[in-house]
Structures are given as C-alpha cells and as structure tokens.
Amino acid sequence: MPSAKSKVKLALCQLLTTDNKEANISTAQSAIKEAASNGADMVVLPEMWNCPYSNDSFPTFAEDIEGGTSQSAAAMAEAAKQHGVTLVAGSMPEKHAGNLYNTCLVFDCRGQQLARFRKMHLFDINIPGKITFRESDTLTAGENIAVVDTEAGRLGLGICYDIRFPELAMIYARQGVQLILYPGAFNMTTGPVHWELLAKARAVDNQLFVGVCSPARNMDASYHAWGHSMLVGPFGQVLATAEHEPGIIYADLDYAEVDERRKGMPLATQKREDLYELVDKTHKA
Ligand SMILES: O=C(O)CCC(=O)C(=O)O
C-alpha cells in the first residue's frame, strides 16, 4: 500500500435509506461517485445504509459477507475501485453462522476489503414514552476491534451506540489511530442532547479526529434518525456538520494536528497509570 496521506478530504454521506434495497444501493453508488468527483479521498456511509433501521428489516435484508454472496458488499467494493476512494461502507446487516450482526466494511481504492467490524455494544435502551429499542432481539454483538491502515490514514471503527463507551476509543488512540469513524443513527430523543457531545468527548479525550455519519431523517420510516453527520477535530472543534436532510458534507483533515494537539497538551504521558489503567482484552478483526 502506498504510504498514507497526511492531508485527507473526507466525505460523510447522509443518505436517505428506504425499504428498497436496490434503491439504497443505487443511492450509495451515486453518493460515492459524487464525493469522488468532488475530490474526496475517503467516503463514509451511514449505519444501516442499505436497510431500514428496524428489527423487522435486519433479518430480511441481511447478507452473507464471508460467504462471498453479498450483493451490497460487492457493489461497494466495485464503487470504491471504480472511483478510487477509500470507502468506509457504514454498516449493513450481516448473517454469519446462524447469527446476525451490524457490520461495517472498509475497502481500499482498488476495491479490496481491508476490514470488517461488527458492532460491539448493542443498542438496547428503554426511555419510557420516548424510545425503546432492543437490537439484541435480532442482533449479536461483535467481539473484535478494527484498527485499519488505509491510504487515508489509520482508522478505528465503532458503530453508533459504541460511541458511548470511552474505553473503545481509548484503545484505538493507544494503537495510533488518527480518526475514529462511527456510522450511527441516533434518534430524536438522544440525538439532540448526546450526538454532538459524544463525538466531541471522544475527540477531546483522545486528541484525534472523530466522524459520525447518520442516515438522513425519513419521516416515512418507523425510526426517525437524528441526522447531523459531523466531523470533529482533535481540539473538539466541529469541522463540518449537516442538518437532517440527505446530502454529503466534506471536511479537510490534516493529521499533523493530532501531533500538534498532543504536543501542546501531552495527556497520554500525563495519565496516572500508577493509579489506574485501561486493560485491553480485545482482538483485532
Ligand atoms: O446511543 C443512542 O442514543 C443511540 C444509539 C443507536 O441508535 C444505535 O446504536 O443504533
């Protein structure tokens, strides 16, 4: 692989997903083409980009990625190759060995699959009168982290609810990750209060870039996504943000800023690991 760029143009695609998989694939293909034509090095899709966010849809839309029969994975590999971009293909329902996972794939500019990350923390919440969701009714949690060396930098992956668990981001930071990407579909209850806060928190805690990429809000769907795809820099600054409509937002990242912020405020060496420590028991995907 050619050495990674230190300056990268990132595109976060806030796509409108419907209950028609073919249409969702075609929407993603068009967005990747548009982002590439606007000079993006890396293109990111939302959580469940090819499928409505619902426990009814996950089993019927799920595809067998490992078995090599996934229509969606093949289309994304081809799009990455055709348009010469690093593609972080949001997430999609994956079936494997009798289980279903919420899975993110990463492809390089030649369409080679670089990583597969399965959502590690399932979204099971109950805020009475507001939102109740139990991903664990259909999905199984993944157990591996993904540190991915791409031509557009060293990435760490999480999916949506994973952003609430600071330890995962800390593990990535320790492994030299410069950008953590969380495809995510927050909702109208937690989105307004927590989405931006969590993206900023993970960025500031770890002094790295954080990108969150949501589906657009579809009022015809059972789940109304918050939207607001966003890139946050290592000093907690919002570098690009969307509202809730479909669209692509772009941001220019200079990874030198990660080093600069860490030099100015050397949190990693100021930690009191004599008093506390993070124990990493994960495996790489
Ligand atoms: O953490 C939240 O509030 C939302 C998480 C979510 O929607 C998800 O994990 O899919």
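Up top you'll find the structure we're talking about.
Bear in mind the structure is a predicted one, so any value in this text is a computation, not a measurement.

Draft legend 1. Broad picture of the overall build of the protein chain. Across its full length, the protein chain carries seven helices and 17 strands. In terms of overall dimensions, the protein chain is globule-like: its C-alpha atoms have a radius of gyration of 18 Å, near the 19 Å expected for 285 residues. Principal axes of the C-alpha set define a box for the protein chain whose edges measure 50 × 45 × 35 Å. Out of the 285 residues in the protein chain, the part that is buried amounts to 54%. In the protein chain, of all internal contacts separated by at least 6 residues, the share reaching a separation of at least 24 is 69%. For the protein chain, the accessible surface area stands at approximately 12300 Å², while carbon and sulfur atoms represent 49% of it. Seen as two clouds, the 26 positive and the 34 negative side-chain charges of the protein chain have centres 4 Å apart.

Draft legend 2. Up close: unusual backbone geometry. Residue Met 48 is not a glycine yet carries a positive backbone phi of 50 degrees. Its location among the elements puts Met 48 in the loop between strand 2 (42–44) and helix 2 (57–61). Here the phi dihedral of Gln 207 falls at roughly 55 degrees; this positive angle occurs in a residue that is not glycine. One can find Gln 207 in the loop between helix 5 (191–206) and strand 13 (209–213). Its relative accessible area of 6% is what places Gln 207 among the buried residues.

Draft legend 3. Layout of the pairing of strand 13. Within strand 13, five of the five residues are buried, which leaves it mostly tucked inside the rest of the structure. Where burial is concerned, the two faces of strand 13 agree: the one with Phe 209, Gly 211 and Cys 213 and the one with Val 210 and Val 212 are both buried. Bridge count between strand 12 (residues 179–183) and strand 13: five bridges; the pairing is parallel. By the bridge assignment for strand 13, Pro 183 is matched with Cys 213.

Definitions and cut-offs
- Residues numbered from 1 in each chain as written.
- Predicted model: local features only at pLDDT ≥ 70, side-chain atom pairs only at ≥ 80, totals over all residues.
- Heavy atoms only, no water.
- Helix = DSSP H or I, 4+ residues; strand = E, 2+ residues; numbered from the N terminus.
- Rg over C-alpha atoms; globule rule 2.2 N^0.38 Å.
- Buried < 20%, exposed > 50% of the residue type's maximum accessible area, 1.4 Å probe, protein only.
- Contact = heavy atoms within 4.5 Å.
- Areas by Shrake-Rupley, 256 points an atom, 1.4 Å probe, with all protein chains shown as cover.
- Lys, Arg positive; Asp, Glu negative; His and termini not counted.
- Charge placed at Lys NZ, Arg CZ, Asp CG, Glu CD.
- Pairing = 2+ DSSP bridges.

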